[in-house]
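# Structural characterization, general
The primary structure of each chain is shown beneath.
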Amino acid sequence: MKQVAARRTTVLRREAVVAAVPVALAALLAAAGPATARTVGSSGAGDPYFPLAGNGGYDVHHYDLTLGYDPQSRHLDGKAVITARATQRLTRFDLDFKGLKVRGVTVDHAKAAFRRDGQELVVTPRHALCEGQKFRVTVTYSGTPKPVTDPDGSLDGWIPTDDGAFVAGEPQGAMTWFPANSHPKDKASYDFTLTVPEGRTAVANGLLLGQRTAHGRTTFRWRQSEPMAAYLATATVGKFKVEQYTTPDGLKVYNAVDPREAAAAAPVLKKLPSVLAWESKVFGPYPFRAAGSIVDRAPQVGYALETQTRPVYDSAPDLSTLVHENAHQWFGDSVTLTAWKDIWLNEGFATYAEWLYAEQHGGRSAQKTFDALYASPASSDLWAFPPADPGSGAHIFDTPVYSRGAMALHKLRTAVGDPVFFRILRAWAAEHRDGHGTTAQFIRLSERESGKELGALFHTWIATAGKPTSP
């Protein structure tokens, strides 16, 4: 965490004549300092778990990403055109960008100065940007993208595979392949133009606008119109079998599957339309215009991710994983957290979706799943920390966030009854659609919809360390 030194004020008695010059100088510095500081966008969005993630001073409206990738050499050429609005006067601002060589930066078509500072790309435009001004930043870059290692030891970002790349950015990997305001608080729309060798497929978020092959290269154009956090963007590349269809509800589905995983994945992916229909019934209308799956073979990854509209899997998923990642389209993607501390709002909800799906499709009841978990001894990892306070970025993907987060939702369900509980879930998804939500907001909504005081319940199940004394 960033440490902020406490300010001290020392009062010295001096002769008036001697004091006049330093006092005047101090007054000038005091006047100039804050004014100058206010023209520099901060290097982070203020998240204590990832202090340098995101940036201050502007909001991004749109990313237009043009990428060319050669899986054999692992070389990436990129151009990012970022449309944003200044939220303060800016003489300088940062973008999150790590590893790749920056070849040039312009702001509103004028060449801008830039420098690298760790994961920060520090940009100084030729002319200061006024508060409220809309502006466009263009960054051209190239090199060999490499993933970052997260605090929990997992890989994140642009992860090379034997035939392309597995691209999954939670929580901080977006900066490995495009410059971004890389914190979930700043969502934007996206266009992707991805060029790869003929025979490879490049899959991104949203709708496929078209593809064209010429001179041994294929270009894919994708558009994600609904707002998306940077960590949910993907540009996964590989040798894929592609399936496209439209559901009876008009949803455009695009599945890309590594042929080596096709046989195992087919029975599960066949259920995707029925899973989305069931989730739409339980959680409210599906929040996007596109859906699908990317099933890669990436044994070095070890996880799946709910990349918006099209989750990416490191191998053929089982049905529970398919349910989980698509539940995130409501809880995590459409309704996005504002601080990584609140990640139980993503993972606890998606885990409880698994419980509900099993309960309503001939499997174990949610109550029995809850009871089996509660039987875990007090020394179990399940009780290591409260779901709403993982403590650091190293623990945001640990068991309590998922399983105890789901247990908290089950306790809410038993406290308010099924009709109210499912109304709460639908209201949460509807009222925060395309936006953000916090734990405090979810508690207030639950109390509003139920007419009950639920502070003690939430305090016990998401905010208190250790195993609750009663189930």
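Reference entry: report on the structure contained in this document. Given the structure is predicted, the values throughout are model-derived calculations rather than measurements.

One open sheet holds the 4 strands; their spatial order is β17-β18-β19-β20, and the pairing between them is mixed. This sheet does not close on itself; its edge strands, each paired only once, are β17 (241-246) and β20 (312-313). Strands β17, β18 (252-257) and β19 (290-295) of the sheet are contacted by helix α3 (residues 272-283), whose axis makes an angle of about 130 degrees with β19.

With respect to the element layout, G41 can be found in the loop between α1 (16-37) and β1 (58-70). With relative accessibility at 5%, the residue G41 sits in the buried group. Counting along the chain gives 17 residues from G41 to Y58, while the straight-line C-alpha distance between them is 7.5 Å. Once residues lying within four places of it in the same chain are set aside, the contact partners of G41 are G56, G57, Q88, L90, R92 and F93.

With that settled, the discussion passes to the pattern of salt bridges. Any two side chains of opposite charge can pair, so long as their charged atoms come close to each other. Across all of its chains, the model carries 12 salt bridges by this definition. R297 is paired through a salt bridge with E261; the nearest N and O atoms lie 2.9 Å apart. Taken together, the residues span a long stretch of sequence, with R297 in the loop between β19 and β20 and E261 in the loop between β18 and α2 (262-269) at a distance of 36 residues. Residue classification places E261 among the buried positions, given a relative accessible area of 10%. Note that R423 is salt-bridged to E449, the shortest N-O span being 2.8 Å. With R423 in helix α8 (residues 418-431) and E449 in helix α9 (residues 439-450), this pair connects stretches of sequence that are 26 residues apart. Salt bridges here are not isolated pairs; linked through shared partners, they connect D162, D163, D258 and R260.

Okay, the side chain of D163 next. You can see D163 is positioned in the loop between β10 (155-160) and β11 (165-168). Here K239 takes part through its backbone nitrogen, which lies 3.1 Å from a polar atom of the side chain of D163. Those residues within four positions of D163 in sequence are excluded, and the remaining contacts are P71, R200, V237, G238, K239, D258, R260 and D296.

Let us look at the packing of aromatic side chains. Counted under the stated rule, the structure contains 33 aromatic pairs. Ring centres of F283 and W330 lie 5.6 Å apart, and the angle between their planes is 65 degrees; on these two criteria the pair is classed as edge-to-face. One end of the pair, F283, is in helix α3; the other, W330, is in the loop between α4 (319-327) and β21 (335-337), with 47 residues separating them in the sequence. Looking at W330, the relative accessible area reads 2%, which means it is buried.

Take the nonpolar core next. Ranked by size, the top nonpolar core spans 134 residues in total, and within it F93, W177, F178, Y190, F192, W344 and F442 carry the most contacts. If you tally residues by element for this core, the top one is helix α5 (residues 344-360), at 9 residues. Contacts of F192, omitting those with residues within four sequence positions, involve L65, W177, A204, N205, F220, R221, W222, M228, A233 and T234.

Let's shift gears to the pairing of strand β8 (residues 134-143). Most of β8 sits out of view: 7 of its 10 residues are buried. Where strand β2 (residues 75-86) and β8 come together, 10 bridges link them in antiparallel fashion. Pairing of I82 across the sheet is with V137, part of β8. The sheet contact formed by strand β4 (residues 101-107) and β8 spans 6 bridges and is antiparallel. Within the sheet, the bridge partner assigned to K101 lies in β8 and is S142.

Calculation notes
- Residues numbered from 1 in each chain as written.
- Predicted model: local features only at pLDDT ≥ 70, side-chain atom pairs only at ≥ 80, totals over all residues.
- Heavy atoms only, no water.
- Pairing = 2+ DSSP bridges.
- Helix = DSSP H or I, 4+ residues; strand = E, 2+ residues; numbered from the N terminus.
- Contact = heavy atoms within 4.5 Å.
- Axes fitted to C-alpha atoms, helices over the stretch in contact; angles between N-to-C directions.
- Buried < 20%, exposed > 50% of the residue type's maximum accessible area, 1.4 Å probe, protein only.
- Salt bridge = Lys/Arg side-chain N within 4 Å of Asp/Glu carboxyl O.
- Polar contact = N/O pair within 3.5 Å; in protein donor to acceptor, adjacent residues only side chain to side chain.
- Phe/Tyr/Trp six-rings, centres within 6.5 Å; stacked < 30°, edge-to-face > 60°.
- Core = buried A, V, L, I, M, F, W, Y, C linked by side-chain atoms within 4.5 Å.

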